Amino acid sequence: MPLDGVYEPSPSQWVRDQVELYESSGGTRGTTMRGLPVVLVTSVGAKSGKLRKTPLMRVEHEGAYALVASNGGSAKHPVWYHNLVASPRIVLRDATRQWDMRAGLVTGGERREWWDRAVRAFPDYADYQLKAEREIPLFVAEPIT
């Protein structure tokens, strides 16, 4: 079942532009950042209750996706991190396909495994972790059956 609610675009212009291009093209354009593939994650705002859409680097393995809360190596978690903690149901769009999914934080060996996949998909994550003053959280999203 898709998420219900009113969509509120990001306050960030580049995010609004990326989301608009991704969606207006049916997932055929706007699907990369810096030449690498991205997915579009729709979540429910933890405070507003409105639908929020976030482009994230594509890290997929056997139908599950890593959602890396790097925030570019900032000391703070991205806003969408709090959305997923409060409400783990998401819609994930990968180009022209989309799924209802549930996202959960991973730790320990599972996190290390997914972190390695994430760094292979987007090597900048390693640099982000070095400059962050926190362990970068990593969610794994899996289809709701």
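What counts as what
Residues numbered from 1 in each chain as written. Predicted model: local features only at pLDDT ≥ 70, side-chain atom pairs only at ≥ 80, totals over all residues. Heavy atoms only, no water. Helix = DSSP H or I, 4+ residues; strand = E, 2+ residues; numbered from the N terminus. Buried < 20%, exposed > 50% of the residue type's maximum accessible area, 1.4 Å probe, protein only. Pairing = 2+ DSSP bridges. Phe/Tyr/Trp six-rings, centres within 6.5 Å; stacked < 30°, edge-to-face > 60°. Lys NZ or Arg CZ within 6 Å of the ring centre and 35° of its normal. Contact = heavy atoms within 4.5 Å. Core = buried A, V, L, I, M, F, W, Y, C linked by side-chain atoms within 4.5 Å.

Enquirer: Which residues make up unusual backbone geometry, and what values go with them?
Expert: Positive phi, normally seen in glycine, also occurs at asparagine 71, with a value near 50°. By the secondary structure assignment, asparagine 71 is in the loop between β5 (64-68) and α2 (79-86). Note on asparagine 71: relative accessible area 36%, which makes it partly exposed. Here alanine 95, not a glycine, exhibits a phi torsion of approximately 60°, which is positive. By secondary structure assignment, the location of alanine 95 is in the loop between β6 (89-94) and β7 (97-105).

Enquirer: If you had to explain the pairing of strand β8 (residues 138-143) to someone new, which residues and values would you point to?
Expert: Bridging between β5 and β8 involves 4 bridges; their strand directions are antiparallel. Paired with valine 68 across the two strands is leucine 138, which belongs to β8.

Enquirer: Could you give an account of the packing of aromatic side chains, naming the residues involved and the relevant values?
Expert: Per the counting criterion, the structure on display carries 7 aromatic pairs. Aromatic side chains phenylalanine 122 and tyrosine 125 sit 4.9 Å apart centroid to centroid with 75° between the ring planes, which places their arrangement in the edge-to-face category. You can call phenylalanine 122 buried: its relative accessible area is 5%. A connected cluster of aromatic rings, assembled from ring pairs, spans Trp115, Phe122, Tyr125 and Tyr128. Lysine 53 extends its terminal NZ or CZ atom over the ring of tyrosine 7, reaching a point 4.7 Å from the ring centre. The ring of tryptophan 114 carries arginine 117 above its face, with NZ or CZ at 4.6 Å from the centroid.

Enquirer: How would you sum up the environment of alanine 118? Please name residues and give values.
Expert: Considering the arrangement of structural elements, one finds alanine 118 in helix α3 (residues 108-121). Spatially, the C-alpha atoms of alanine 118 and tryptophan 99 are 20 Å apart, while their sequence positions differ by 19 residues. When near neighbours in sequence (up to four residues on either side) are disregarded, alanine 118 contacts Val59, Val68 and Tyr125.

Enquirer: Tell me about the nonpolar core, and name the residues and values.
Expert: Among soluble globular proteins, nonpolar side chains are generally buried collectively. Judged by nonpolar contacts, the single largest core of 22 residues is most densely connected at Val68, Trp114, Tyr125 and Leu138. Elements with a contribution of two residues or more to this core: α1 (13-24), β2 (36-44), β5, α3, α4 (124-131) and β8. If we skip the residues at most four places from it in the chain, tryptophan 114 touches Val59, His61, Ala64, Tyr65, Ala66, Leu138 and Val140. Listed in part, the 15 residues of the second largest apolar core include Val41, Leu56, Leu84 and Ile90.

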